[in-house]
Amino acid sequence: MGRAVNVPKFEGNERIGWIEREIPEPGVGQLLLEVKANALCGSDRAQFYHGSDVTPGHEASGVVVQAGAGTVHPVGTPGVVFLMDFCGKCRNCLRGATNQCLNKRADMGFNRDGGYGKYMLVNENIFFPIPDNLPLTEATLLLDVMGTGGHAIKRAELVHADIQSVLVSGAGPIGLGVLAMAKILLGSAIPVFITDMIPYRLDLAKRLGGLPIQLKDRTLQEGLHAYGVDGVDAAIDTTGKTMARKANLDALHQRGVLICVGHGERLELEVSSDLIATERAVLGSEYFCYNEIATNLVHLQGNFDYLTQIITHRFGVEHLEEAYQLFLHDGRSGKVVIEQ
Ligand SMILES: [Zn+2]
Ligand SMILES: [Zn+2]
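Residues numbered from 1 in each chain as written. Chains lettered and ligands numbered in written order. Predicted model: local features only at pLDDT ≥ 70, side-chain atom pairs only at ≥ 80, totals over all residues. Heavy atoms only, no water.

**Here's the deal with the coordination of the zinc ion (ligand 1)**
So, step 1. Donor atoms from the polypeptide that bind the zinc ion (ligand 1) are C41 (SG), H58 (NE2), E59 (OE) and D144 (OD), placed at 1.7 to 2.7 Å.
So, step 2. Here the zinc ion (ligand 1) binds 4 donor atoms, and the angle range of 81 to 128° at the metal identifies the geometry as irregular.
So, step 3. Within one chain, the residues donating to the zinc ion (ligand 1) are spaced in sequence as C-x16-H-E-x84-D. Placement of the pair is C41 in the loop between β3 (30-39) and α1 (45-50) and H58 in the loop between α1 and β4 (60-67), with a sequence separation of 17 residues. This pair shows no difference in class: C41 is buried, exactly as H58 is. (Donors = N, O, S within 2.8 Å, 3.2 Å for Na, K, Ca; no water. Tetrahedral: all angles 85-135°; square planar, octahedral: opposite > 155°, others 65-115°. Helix = DSSP H or I, 4+ residues; strand = E, 2+ residues; numbered from the N terminus. Buried < 20%, exposed > 50% of the residue type's maximum accessible area, 1.4 Å probe, protein only.)

Below, the structure written as structure tokens:
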């Protein structure tokens, strides 16, 4: 096209300016998308504070506006973008574990231009087409909220086939996603306890069917006791905090599983009592696999009003800096989405 557009420039120190960028031309196997929405994520924090050479944004939806040679999705196709540009050929990709690709080409929004620009160039393998009638803002729920949340639940089910109770630590967007996907994948009757200190987030968790535990004035154990239980089968930590992980581990029943989703601090284990005698497991869970999006799309369509409660704020891209201030500092938000 040879045309230029203004795109946000993350300058660091919580400043977002604008720079001019040429609109890229899609090559063989590539699609040029006109971005319609991109959700804010806690993992953008480092870019907001320390700046970024590429345009951030890794929870994007958009419409194909130019299709490179050899692609199958025609101009006009709406869809969402999977963060990790996987090779599709390595041992892990062939197993479907595209979140563990051994020859990953890029992480969109981290080392390749992401979803806060007006246009986004993607290899077609990471584009997932969606139906025309699915709104593009809400479609971003297919990414970190449903994808990462659902993957964590499935990781827990790998080692525990009869989960009857769940604990989620942290009621930020990922915690809310884990809560919602626990309800959808395990059944709405399964109790899902969820901790936080911010009343806004606990209220939102409650509206999603969670059993809130306010950790400002009690311990996790006291919170569980107040509900008449002394432990859970699966605990999912989204905080990355040592204290939260340890408290979660201590709250597990025998055969229980701790899933670590939030990056961050350490976890120390008493192998004999924590793992061997109780046959508990500790697993990590990183993002999700591309092939999970198709099923999650069915869940999104079937639980649209329920899931879209997680989106609490929408901003135009010109208010991106303000959106991050709200999202990272205020606490009174669920998922915040930038619309273009
Ligand atoms: Zn994210
Ligand atoms: Zn691969």
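**A few points about the sheet that holds strand β13 (residues 232-237)**
Think of a sheet as strands paired side by side through backbone hydrogen bonds, with each pair either parallel or antiparallel.
So, step 1. One open sheet holds the 6 strands; their spatial order is β12-β11-β10-β13-β14-β15, and the pairing between them is parallel. Lying at the two open borders of the sheet, with one neighbouring strand each, are β12 (211-214) and β15 (281-284). The average undirected angle you get between the axes of adjacent strands in this sheet is 20°.
So, step 2. Its contacts with the sheet put helix α4 (residues 144-159) on β13, β14 (252-260) and β15, and the angle it makes with β14 is roughly 145°. (Pairing = 2+ DSSP bridges. Axes fitted to C-alpha atoms, helices over the stretch in contact; angles between N-to-C directions. Contact = heavy atoms within 4.5 Å.)

**Points about the domain arrangement of the protein chain**
So, step 1. According to the domain assignment, the protein chain contains domain 1 (4-144 + 288-339) and domain 2 (149-284).
So, step 2. Listed as interface residues are 20 residues of domain 1 and, on the opposing side, 20 residues of domain 2.
So, step 3. Contact with domain 2 buries surface across domain 1, with Y306, Q309 and I310 losing the most and accounting together for 32% of the total.
So, step 4. Linking domain 1 with domain 2 are 1 salt bridge.
So, step 5. The partner of K154 in a salt bridge is E292, with the nearest N and O atoms 2.6 Å apart. (Domains from an automatic or database assignment. Buried area = accessible area lost by both parts, 1.4 Å probe. Salt bridge = Lys/Arg side-chain N within 4 Å of Asp/Glu carboxyl O.)

**Some points on the UniProt feature "domain: Enoyl reductase (ER)" (unreviewed entry) in the protein chain**
So, step 1. Here, UniProt's "domain: Enoyl reductase (ER)" (unreviewed entry) annotation points to residues 12-338.
So, step 2. Taken end to end, residues 12-338 is 31% helix and 26% strand, and its first and last C-alpha atoms sit 19 Å apart. (UniProt positions renumbered as here; feature names shortened; annotations may be inferred.)

**Remarks on the packing of helix α5 (residues 173-186) against helix α6 (residues 199-207)**
So, step 1. Contact geometry of α5 with α6 gives a least axis separation of 10 Å together with a crossing angle of 15°. Judged by the inter-axis angle, α5 sits roughly parallel to α6. For the crossing formed where α5 meets α6, the hand is right-handed. Note on element contacts: α6 touches α5 through R201, L204 and A205, opposite P173, L176 and L179.
So, step 2. Here the residues of the contact of α5 with α6 sort into 5 nonpolar, no polar and 1 charged. (Parallel < 35°, antiparallel > 145°, perpendicular 65-115°, else oblique. Left-handed = near helix turned anticlockwise from the far one by under 90°. Nonpolar A, V, L, I, M, F, W, Y, C, P; charged D, E, K, R; others polar.)

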